Amino acid sequence: MLTLGSLFDGIGVFPLASSRHGIVPLWASEIEKAPMSITKRHFPVMAHLGDITLLHGGKIPPVDIITFGSPCQNLSFAGWREGLSGEKSSLFYEAIRLIREMRDATNGEYPTIAVWENVMGAFSSNNRMDFRAVLESFADTRVPMPPTGRWANAGMVRGRKPDIAWRLVDARTWGVPQRRKRIFIVADFRGQRAAEILFKPRPLFKDTEACAEGGLPAANGNRIFVETTGRPLPVIHPFQDRRMRGAAKARDPITFIGSFGRPTDPFPTLLAGTVNMFSFWTGNDYKSGILRYLTPTECERLMGLPDGWTALGCMNEPVSMGARYKALGNSIVVPCAEYIMAGITENLNGGSS
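Overview of the structure. Remember, it's a predicted structure, so these values are computed and weren't measured experimentally.

Quick notes on the rules
For every chain, the first residue of the written sequence is number 1, and numbering continues from 1 onward in sequence order. In keeping with the model being predicted, local features are shown solely for residues with a pLDDT of at least 70 and side-chain atom pairs are shown and tallied solely at 80 or more, while totals for entire chains, interfaces and linings include all residues. The basis for every side-chain value is the complete set of non-hydrogen atoms in the structure, without hydrogens or water. In short, DSSP must find at least two bridges between two strands for them to pair. In this text, helices come from DSSP runs of H or I with a minimum length of four residues, and strands from runs of E with a minimum of two, each type numbered from the N-terminal end. Contact criterion: two residues are considered in contact whenever any of their non-hydrogen atoms come within 4.5 Å of each other. Orientation is described by axes fitted as lines to C-alpha atoms, over the contacting stretch for helices, and by angles from 0 to 180 degrees between their N-to-C directions. Note on aromatic pairs: the rings of Phe, Tyr and Trp (six-membered ring only in Trp) are paired at centre separations within 6.5 Å, and the planes decide the class, stacked below 30 degrees, edge-to-face beyond 60, tilted for the rest. Burial here depends on accessible area, computed with a 1.4 Å probe over protein chains only, as a share of the maximum for the residue type. Under 20% is buried, over 50% is exposed, and the range in between is partly exposed.

## A short note on the sheet that holds strand E4 (residues 65–68)
Sheet strands line up and pair through hydrogen bonds in the backbone, either parallel or antiparallel. Read from one edge of the open sheet, 8 strands run E3-E2-E1-E4-E5-E8-E7-E6, paired in mixed fashion. Strands at the two margins of the open sheet, each flanked by one partner only, are strand E3 (47–48) and strand E6 (154–157). As judged from the 8 bridges shared by strand E7 (residues 163–170) and strand E8 (residues 181–188), these two strands associate in the antiparallel manner. From the neighbouring strand, Asp170 faces E8, where its bridge partner is Lys181. With respect to the sheet, helix H3 (residues 92–105) is in contact with strand E1 (3–7), strand E2 (24–29), E4 and strand E5 (113–119), its orientation differing from that of E4 by roughly 175°. Contacts between helix H11 (residues 334–349) and the sheet are confined to E1, E4, E5, E7 and E8, with E5 contributing the most and set at about 165° to the helix.

Okay, structure coming up:
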């Protein structure tokens, strides 16, 4: 039975993804009150260890897999871009310290796999040297810069342990209608399976059984045609408020209209510091359109989470709207995490997930 420890756990996405693939989440480390309470509700037997800076990797239960999406505020394009030297993003090194301490205490047996997730800005922050520092921290050796001077969207560091692979993943190609690009690194300390885990295609969605006579899916029964409603239905557009503000400042009407998005566009990345909006109107009648905020439930769906995942804490107390939006904006898209957990199960247990 594989086990998992989740650092910077947030609302328990890695524990959720791992449990769906037969991996037991043993413990989590988190300091924010609302995310901790949400996770405790869903994983009541998982231990919560608190502040990572107060933990020693050799004194906590060893696990097969350690996951961490360390704070990204200093790496994000939307942040101050101080890089890994920034107050928040420098906590990455605390996770590396804990992993090394655990490996030293277990003679290199645990953890077997480490998974790191972060924003796309990590590729470019600090003149592209931050991502090099990340790779070197995992590899514990020098990693040369690419000849191009830029980091590719996917790559490997191979030749000694750990075996490392990275990949830029956009959530909109993983079953959720949200544009959300994130870097995932898989480090295999006891083999050369990182590429198999991170690059191999594997199905994640089970075949949907027919729900009506004739094999038609149930969704057909929920469609409402214009003839029934008596009027055209509005079309939903993913509104891009930052683009709109920039277009208004530049007095650019074409870009301003374009900021209302197209019906085929994915929603922009959910942010922790603001509430995303969407717009909808009928046909080309912009004057009849309206804007409204996404609800927390809609944000949960955009992250691939079950409805109501962030609604209540461990004592059935309601979680505030602001705390829910912040936690969801900071979170990880479930199908992306599931894909990696499926690969880990497949490669470490020698079976399919």
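## So, the sheet that holds strand E10 (residues 277–281)
What the 3 strands build is an open sheet, ordered E9-E10-E11; its pairing is antiparallel. At either margin of the open sheet sits one strand with a lone partner, and together these are strand E9 (235–237) and strand E11 (290–293). Strand after strand, the sheet turns through a mean of 30° between neighbouring axes, direction not considered. As paired elements, E10 and E11 share 4 bridges and run antiparallel to each other. Each residue of the ladder has a partner; that of Phe278, found in E11, is Arg292.

## Structural notes on the packing of aromatic side chains
In this structure the tally under the stated criterion is 15 aromatic pairs. Residues Phe131 and Trp166 carry aromatic rings whose centres are separated by 5.4 Å and whose planes lie at 75° to one another, so their mutual orientation is edge-to-face. Of this pair, Phe131 sits in helix H4 (residues 129–139) while Trp166 sits in strand E7, and the two are 35 residues apart along the sequence. Accessibility classification places Phe131 together with Trp166 in one group, the buried group. One aromatic cluster is present, formed by Phe68, Phe92, Tyr93, Trp116 and Phe138 through successive ring pairs.

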